[in-house]
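Observations on the model geometry
Chain residues, written in single-letter form:
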There are 2 protein chains.
Amino acid sequence: MTLSDIDFPTPSKGDDCRMVREILDLVGDKWSLYIIATLKDGPVRFNELRRRIDGISQRMLTITLRGLERDGLVKRTLFPTIPPRVDYELTEVGRTLLAPVMGLVTWAYASQENIQDARVRYDAS
Amino acid sequence: MTLSDIDFPTPSKGDDCRMVREILDLVGDKWSLYIIATLKDGPVRFNELRRRIDGISQRMLTITLRGLERDGLVKRTLFPTIPPRVDYELTEVGRTLLAPVMGLVTWAYASQENIQDARVRYDAS
DNA sequence: CTGTATCCCGCTAGATACTG
DNA sequence: CAGTATCTAGCGGGATACAG
């Protein structure tokens, strides 16, 4: 299939649209993207994730990780040591998300100035 | 620059990180992605957008479009006819967002079943 | 047709305290 | 260390009415 096959709410494709919507919402929530990007190089422990993702609370990190785990994008590995240790890493499916996600991140990074300037211009008028 | 240059909260790159965060938040809000995807083939009028984007309210369409306009991603053209007509289209910068965004959409479309299955499996346990 | 203005509900997510 | 539980404020966003 090609991009032009995706046309948002086509009456006949209602179900497809809802699913795509739902999945994009997952990716579009506040933290999923950052977690996925932070896991790009391999397993990371819980508190290491917390440190690397600026501003995330413990609660939101847990909740978001559970969601990603439920969707089969992230794998959780518990080492029953004392103190316990938990590694999170992308699954195979999760890694397929990496390319599009990093595409966005790269775009955001490259477009910073463009957007800043546009905002200044807009706010001036 | 390469992907490996982007490492989220590097102490020395605090400002960069905040900007990337801010821009991803923009893209990650509830509606921006759909508007951008819907504008991929050219100008679309206000109410046509509303019809094509399932579930968006008039209020949120206006607000989201203003945001995209402010960031220089969408161009607004008013035809002062009666009744008035307003076309929205992607700017050149906006079109550069299209590739990464459609990458995500394509991924979401292709991964529907994978994710559905993962959820069923997770919820069963 | 293309908005703006207001009201208001519900959920998101931060803060805090506690546990194995 | 890696969570869970609870409480709550803020705000995103829907509904509705109105305007140019």
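Being a predicted model, the structure only gives us computed values, none of them experimental.

**Re the pairing of strand 2 (residues 74-79) of chain A**
For strand 2 of chain A and strand 3 (residues 85-90) of chain A, the ladder comprises six bridges, and the chain directions are antiparallel. Paired with Lys75 of chain A across the two strands is Glu89 of chain A, which belongs to strand 3 of chain A.

**Points about the sheet that holds strand 1 (residues 44-45) of chain B**
Residues and elements named next belong to chain B. In space, the three strands of this open sheet follow the order 1-3-2, with antiparallel pairing throughout. Both edges of this open sheet fall to strand 1 and strand 2 (74-79), since each of them pairs with a single strand only. Contacting strand 2 and strand 3 (85-90), helix 4 (residues 58-70) crosses the sheet at an angle of about 115 degrees to strand 2.

**Comments concerning helix 5 (residues 92-124) of chain A**
In this model, helix 5 of chain A (33 residues) spans 47 Å end to end at C-alpha, consistent with the 48 Å of a helix rising 1.5 Å per residue. Taking the largest bend as the criterion, helix 5 of chain A deviates by roughly 55 degrees, centred on Ser111 of chain A.

**Side note on the protein's contact with DNA strand C**
Around DNA strand C, a shell composed of 17 residues is seen, among which Arg59 of chain A together with Asn47, Gln58, Arg76 and Tyr88 of chain B lie nearest. Arg66 of chain B is positioned such that a nitrogen or oxygen atom in its side chain is 3.2 Å from a phosphate oxygen of DNA strand C. Mapped onto the surface near DNA strand C, the elements with two or more residues apiece are helix 4 (58-70) of chain A together with helix 3 (46-52), helix 4 and strand 3 of chain B. With four residues, helix 4 of chain B is the largest single contributor of residues to the surface near DNA strand C. Split into classes, the residues belonging to the surface near DNA strand C amount to seven nonpolar, four polar and six charged.

What counts, and where the lines are drawn
- Residues numbered from 1 in each chain as written.
- Chains lettered and ligands numbered in written order.
- Predicted model: local features only at pLDDT ≥ 70, side-chain atom pairs only at ≥ 80, totals over all residues.
- Heavy atoms only, no water.
- Pairing = 2+ DSSP bridges.
- Helix = DSSP H or I, 4+ residues; strand = E, 2+ residues; numbered from the N terminus.
- Contact = heavy atoms within 4.5 Å.
- Axes fitted to C-alpha atoms, helices over the stretch in contact; angles between N-to-C directions.
- Expected span 1.5 Å × (residues − 1).
- Bend = angle between axes of the 7 residues up to and from the residue.
- Near = heavy atom within 4 Å.
- Polar contact = N/O pair within 3.5 Å; in protein donor to acceptor, adjacent residues only side chain to side chain.
- Nonpolar A, V, L, I, M, F, W, Y, C, P; charged D, E, K, R; others polar.

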